[in-house]
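# What the coordinates show
The chain contents come next:
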Amino acid sequence: MQTERGSFGTKLGIILATAGSAVGLGNVWRFPYMTGQNGGAVFILLYIGCVLLLGIPCMVSEFIIGRHGASNTARAYAKLANGTPWKWVGYMGVLTGFLITGYYAVVAGWCLQYIYASVMGELKGNPDFITHYFQSFSENPLRPIFWTVAMLLLTHYVIIHGVRGGIERASKLLMPTLFVLLLVIVVASCLLPEAEKGISFLFKPQFSKVDSNVFLGALGQSFYSLSIGMGCICTYASYYSRQTNLLKSAVQVAVIDTLVAILAGLMIFPAAFSVGINPDSGPSLIFITLPNVFNQAFAGMPAVGWVVALMFYSLLSLAALTSLISLHEVSTAFFYEEFHITRKKGALLVTVFTCIIGIFCSLSLGKLNCLQIGGKPLFELFDFVTGQIFLPVGGLLTCIFLGWFVPKQVVKDEFTNWQTLRSTLFGVYLFAVRFICPIAILAIFLHQFGVI
Ligand code: TRP
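As a starting point, this report considers the structure included with it. Please read these numbers as outputs of a predicted model, since none were measured by experiment.

Calculation notes
Numbering of residues starts from 1 in each chain and follows the order in which that chain's sequence is written. Local features are withheld for residues below a pLDDT of 70 in this predicted model, meaning they are given only at 70 or higher, and side-chain atom pairs are given and counted only at 80 or more; totals for whole chains, interfaces and linings count all residues. Side-chain figures throughout are based on the complete set of non-hydrogen atoms in the structure, without hydrogens or water. Computed over the protein atoms alone on a 1 Å grid, cavities are sets of points where a 1.4 Å probe fits but cannot get out and pockets are open sets with protein on both sides within 12 Å along at least five of seven lines; a residue lines them when it has an atom within 4 Å of a point. Grid points are joined across faces, edges and corners, and a volume is the space filled by probe spheres set on the points. Runs of E in the DSSP output that reach at least two residues are strands. Runs of H or I that reach at least four are helices, and both are numbered from the N terminus. Charged means Asp, Glu, Lys or Arg here, nonpolar means Ala, Val, Leu, Ile, Met, Phe, Trp, Tyr, Cys or Pro, and polar covers whatever is left, Gly included. Any residue with at least one heavy atom within 4 Å of a molecule or strand is counted as near it. We define a polar contact as two N or O atoms separated by no more than 3.5 Å, with the added condition that, inside protein, one atom must be a possible hydrogen donor and the other a possible acceptor, whereas residues neighbouring each other in sequence contribute only through side-chain atom pairs. Those molecules having more than half of their atoms within 2 Å of a cavity or pocket grid point set are described as sitting in that cavity or pocket. When the sulfur atoms of two cysteines come within 2.5 Å, that pair is taken as a disulfide. Accessible area is worked out with a 1.4 Å probe on protein chains only. A residue is then buried under 20% of its type maximum, exposed over 50%, and partly exposed in between. Residue contacts are defined here by distance: any two heavy atoms, one from each residue, within 4.5 Å place the two residues in contact. Buried Ala, Val, Leu, Ile, Met, Phe, Trp, Tyr and Cys residues that are joined via side-chain atoms within 4.5 Å together make up what is termed a nonpolar core. Each Phe, Tyr or Trp ring, with Trp reduced to its six-membered ring, pairs with another whose centre is within 6.5 Å; inter-plane angles below 30 degrees give stacked pairs, above 60 give edge-to-face pairs, and intermediate values give tilted ones. Cation placement over rings: the criterion is NZ of Lys or CZ of Arg within 6 Å of the ring centroid and within 35° of the ring normal.

## A look at the layout of surface pockets
Considered as a void within the structure, the largest pocket measures approximately 1,000 Å³ in volume. What lines the largest pocket is a set of 36 residues, and nearest its centre among them are W29, R30, Y33, P283 and D383. At the level of elements, α2 (25-37), α5 (87-119), α6 (127-139), α10 (212-225), α16 (378-405) and α18 (426-448) are the ones that each hand at least two residues to the lining of the largest pocket. Taken together, L52, L53, I56, P57, L247, V251, L425, V428, Y429, A432 and I436 make up the lining of the second largest pocket. At the level of secondary structure, the elements contributing two or more residues to the lining of the second largest pocket comprise α3 (41-69), α12 (246-274) and α18. Within the lining of the second largest pocket, the residues separate by chemical class into 11 nonpolar, no polar and no charged.

## Overview of the site of the ligand
Of all residues adjacent to the ligand, which total 15 residues, the nearest are A22, G26, Y104, Y224 and S227. Taking A22, its main chain carries an N or O atom lying 2.9 Å from an oxygen atom of the ligand. Within the backbone of G26, a nitrogen or oxygen atom sits 2.7 Å from an oxygen atom of the ligand. Placement of the ligand is best described as lying within the largest cavity. Elements with a minimum of two residues in the shell around the ligand: α1 (11-22), α2, α10 and α14 (302-338). Ranked by residue count, the leading element in the shell around the ligand is α2, at three residues. Residue classes in the shell around the ligand are distributed as eight nonpolar, seven polar and no charged.

## Here's the deal with the state of the cysteines
Enumeration over the complete set of coordinates arrives at zero disulfides. The closest cysteine sulfur to the non-disulfide-bonded C399 is located on C58, 3.6 Å from its own sulfur.

## Section: helix α13 (residues 289-297)
Across the nine residues that make up α13, a large majority, seven, are buried. Those residues of α13 lying buried are T289, L290, P291, N292, V293, F294 and A297. As for α13, its buried residues are in contact with α5, α6, α12 and α14.

## A few points about unusual backbone geometry
Positive phi, normally seen in glycine, also occurs at E194, with a value near 60°. Among the structural elements, E194 can be located in the loop between α8 (163-190) and α9 (195-203). The class for E194 is partly exposed, based on a relative accessible area of 41%. Even without glycine at this site, W418 takes up a positive phi of about 55°. Assignment of secondary structure puts W418 in the loop between α17 (408-415) and α18. Using a relative accessible area of 27% as the deciding quantity, one classes W418 as partly exposed.

## Focus on the side chain of S364
Tracing the sequence through the fold places S364 in helix α15 (residues 343-364). On the accessibility criterion, S364 (1% relative accessible area) is buried. Among all residues touching S364, those that are not within four sequence positions of it are L371, Q372, P377, L378 and F379.

## Here we look at the nonpolar core
One finds F8, W110, M267, F312 and Y429 to be the most contacted residues of the largest nonpolar core, which totals 165 residues. Here this core gets 20 residues from one element, more than from any other, and that element is α14. Setting aside its immediate chain neighbours within four residues, F8 contacts I14, A17, V163, R164, I167, E168, Y236, Y239 and Y240.

## Side note on the packing of aromatic side chains
Scanning all chains against the criterion turns up 40 aromatic pairs. Ring centres 5.7 Å apart and planes at 85° place the aromatic pair F8 and Y236 in the edge-to-face group. Taken together, the positions of F8 in the segment before α1 and Y236 in helix α11 (residues 232-237) put the pair 228 residues apart, joining distant regions of the chain. The class of F8 is buried, set by a relative accessible area of 6%. Ring centres of F201 and F269 lie 5.3 Å apart, and the angle between their planes is 40°; on these two criteria the pair is classed as tilted. Taken together, the residues F201 in helix α9 and F269 in helix α12 connect sequence positions 68 residues apart. In this structure F269 comes out as buried when scored by relative accessible area, which is 0%. Positioned above the aromatic ring of F384 is the side chain of K376, whose terminal nitrogen or guanidinium carbon lies 4.5 Å from the ring centre.

Nothing here speaks to function; it is geometry throughout.
Structure (structure tokens):
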């Protein structure tokens, strides 16, 4: 129902909601372990380069398509595609959103379990115990599903209250809370003995570590972290006003997202180095390495350790929730606009389907190995297919579509808010979207399959 289409009320609401989509598990979980595995400060420098050169132009492109279309991602692409097959890029975005929502909710659910576990004091014990705790929990058939569904219901609750009363209000409440928690933990972590080792690991570049993998890892991380490549940003932009300065908003969101990622590093590395644990342990970093770090770093003051762990997992859950909301909204907007049903019914359909996907993803990590395809559990398969294939392809096609196919005047009008803003940077933007982004994205994509 077209009349139900909402819009964001304030500039701050726009920035916080979009930053809420961008700031997620990618910042607090993926960024620190990627940094740990790829040489610390060098990775951060390359990452910042990728955000500036590729992330911001791609984000502006999604903003343009979304605000121009003023509708869900599929229809927004279709409007500009004029009957050509480019419209399928929009449909692909919606499908990707659906799949990501399912498995992202599983990891988000783990964060809720870890809040519960820290409150109940279940995370105390030696490193073997903590490893075993995570394995037996994630393989359990019921508990993770309970938390996955809980996370999706929370998301559902926000979504049914609409764009302004739900998404914007939640973002204005959750994002500042997240910043406060983050700052408190950063201070606690940097006050630990020998914290400087972690800080210097983060900020002293060792250029000898740079190879093509580090470079490409930074590229992939910048896309994932900024929510680019599947219409999340595009859907939010469809609720922006004609006065919103798209380039400025993209820069602000990118700055917030990068700051949160670096602060997440400042939370994890000083604590880990302080107890002599090397934080390069990959995806299990936050669920296995960190509980150990908290236990050991605050061994002398268990109450502080308890509070820090609780705050950390609350922060993680908040970050995951605001991203989940943006992912859910992509499909909700699609359903209610394309099938002419109410927003509430659209949201219900999405919640039910994504719960089913989430349940299967979660079960695939346990004893149900029938849920494996090509030796990969469904969970890993969805992560791989969406993150490594759909997102880069979506980003690549979006840049080619906008840079080469959409009439330049339409792009320029959106970029300059119909000639009311200066267009000095338009040429740079167009060059990035036409040449730099497609070539660089193609390079990551081919490299991960060993082609180049
Ligand atoms: N950017 C989020 C994070 O950092 C995850 C996310 C939300 C995402 N929406 C997305 C990733 C769309 C890719 C595409 O965790």
